[in-house]
Amino acid sequence: LAALALVGVCTVGTSRPAGLQAAVRPSARTAGAVRCPTSSHVGAVARMPFAANTMRTATAVRAEAQTSILREPEIRVDSPLKIEAVLFDLDGTLLDFEGGSHDALNKVLEPYNSTGKAKLTWEMHGTIVGRRASEWSSEILEQCGITPDVLAPEKYVEMYLEKMPEYYPSMPLMPGALNLVKSLKAAGYKVAVASSSEKISIEKKLKFHPELLQLMDIVQPGDDPDIKAGKPAPDIFLAAAKKLGVKPENCLVFEDSPFGLMGAKAGNMACVAIPDGRMPIADSSRFGTADFLLNSMEEFKMDYIEKI
């Protein structure tokens, strides 16, 4: 998590073409803006007015969420980005996954909760979003005071994965997800799922959303042999771009976690961050390098990008 300290607000310039000028207004935080060395995509921080009913829709789906971390979305680019492909994280980005996941992770821990400490908090949950199960399972058990001889990390993951399919049929797509993917496909963009989840897990989840799955050019799972490291490494995104035949710098990534954002930036890709308000890590300061910081995909406008 120390890497999260590196995520800061990066800004540059304030001039915009007419197309974006009408859609955004400068934020007070743009004063003294400087170039961010980590991304050629990041532009001036700006805020776009939006209708109240957009926020109500997003909040309704995230029923457990507190008040959204954003009052207005932040548009941080000077002009439309030149894009050829759009890569979507799955859990928490396309699919409202984290509520069911949080419940399942705790259900598995219940038999080991004699001390009352074996409970996954939302703060703990926020540290595992976007990462591989093989990486976060031991951390959760350690924080809950459960030793490997009582419950091995591998067994915890196995039990969790067995529990999760109960939640899949009732998991909705995130607000605006399907409509945005349809719009991107209609405009000629390549689209893909780029997820840390295993292939079989992705298939089980998207089985209940066939229309979305059919729109995808590829699905890039985290257990692909070509993936040497999970997020925040860029491997998953780079593998997806390679399969699509697209240069990394011509990709736009949609993510809900700081780890995913860091992975996108490490791969030299632009990124739209849509934090989950249930997570303490959803503080906007953790998403400072994002090119767009939104409440939901409903707020993303097609004129923010241009087809190469």
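Structure: above.
Reference entry: report on the structure contained in this document. Given the structure is predicted, the values throughout are model-derived calculations rather than measurements.

All right, on to the overall build of the protein chain then. Helix and strand content of the protein chain: eleven helices and eleven strands. Long-range pairs, those at least 24 residues apart, make up 74% of the contacts in the protein chain with a sequence separation of at least 6. For the protein chain, the accessible area works out to roughly 13,100 Å², and carbon and sulfur atoms hold 53% of it.

Now for the packing of helix H5 (residues 133-143) against helix H6 (residues 153-163). Axis separation between H5 and H6 bottoms out at 9 Å; the angle between their running directions is 105°. In terms of orientation, H5 and H6 fall into the roughly perpendicular class. Facing Ala 133, Trp 136, Ser 137, Ser 138, Ile 140 and Leu 141 of H5, the residues of H6 in contact are Pro 153, Tyr 156, Val 157 and Tyr 160.

A probe as big as a water molecule, rolled over the atoms, marks out the empty space that is left. Counted as a void, the largest pocket has a volume near 520 Å³. Contributing to the lining of the largest pocket are 31 residues, with Arg 131, Arg 132, Ala 133, Trp 136 and Ser 197 lying nearest its centre. For the lining of the largest pocket, the secondary-structure elements that each account for two or more residues are helix H3 (98-109), H5, H6 and helix H8 (199-206). Among the elements that make up the lining of the largest pocket, the one with the highest residue count is H6 (five residues). Each residue belonging to the lining of the largest pocket can be placed in one class, and the counts come to twelve nonpolar, ten polar and nine charged.

Alternating residues of strand E5 (residues 85-88) divide into Ala 85 and Leu 87 and Val 86 and Phe 88, and every residue in both groups is buried. In this sheet, strand E6 (residues 190-194) lies alongside E5 in parallel orientation, the contact comprising four bridges. For Val 86, the partnering residue across the bridge sits in E6 and is Val 191. Sheet topology note: the E5/strand E8 (residues 251-255) ladder contains four bridges and is parallel. Within the sheet, the bridge partner assigned to Val 86 lies in E8 and is Leu 252.

Moving on to the nonpolar core. Judged by nonpolar contacts, the single largest core of 56 residues is most densely connected at Phe 88, Leu 94, Leu 252, Phe 254, Phe 292 and Phe 300. Take this core: its biggest share by element is five residues, from helix H7 (residues 177-186). Residues within four places of Phe 292 in sequence aside, it is in contact with Glu 74, Ile 75, Val 77, Leu 81, Leu 252, Cys 271, Val 272, Ala 273, Phe 300 and Tyr 304. Listed in part, the 23 residues of the second largest apolar core include Ile 236, Ala 239, Ala 240 and Cys 251.

Here the focus is the packing of H3 against H6. Axis separation between H3 and H6 bottoms out at 9 Å; the angle between their running directions is 125°. Our classification of the angle between H3 and H6 gives oblique. Seen along the crossing, H3 lies across H6 with a hand that is right-handed. Each of Ser 101, Ala 104, Leu 105, Lys 107, Val 108 and Leu 109 in H3 lies in contact with H6, whose residues at this interface are Tyr 156, Met 159, Tyr 160 and Lys 163. Broken down by class, the residue content of the contact of H3 with H6 amounts to seven nonpolar, one polar and two charged.

Procedures and definitions
- Residues numbered from 1 in each chain as written.
- Predicted model: local features only at pLDDT ≥ 70, side-chain atom pairs only at ≥ 80, totals over all residues.
- Heavy atoms only, no water.
- Helix = DSSP H or I, 4+ residues; strand = E, 2+ residues; numbered from the N terminus.
- Contact = heavy atoms within 4.5 Å.
- Areas by Shrake-Rupley, 256 points an atom, 1.4 Å probe, with all protein chains shown as cover.
- Axes fitted to C-alpha atoms, helices over the stretch in contact; angles between N-to-C directions.
- Parallel < 35°, antiparallel > 145°, perpendicular 65-115°, else oblique.
- 1 Å grid on protein atoms, 1.4 Å probe; cavity = no way out; pocket = protein on both sides within 12 Å on 5 of 7 lines; lining within 4 Å.
- Points joined across faces, edges and corners; volume = space filled by probe spheres on them.
- Nonpolar A, V, L, I, M, F, W, Y, C, P; charged D, E, K, R; others polar.
- Buried < 20%, exposed > 50% of the residue type's maximum accessible area, 1.4 Å probe, protein only.
- Pairing = 2+ DSSP bridges.
- Core = buried A, V, L, I, M, F, W, Y, C linked by side-chain atoms within 4.5 Å.
- Left-handed = near helix turned anticlockwise from the far one by under 90°.

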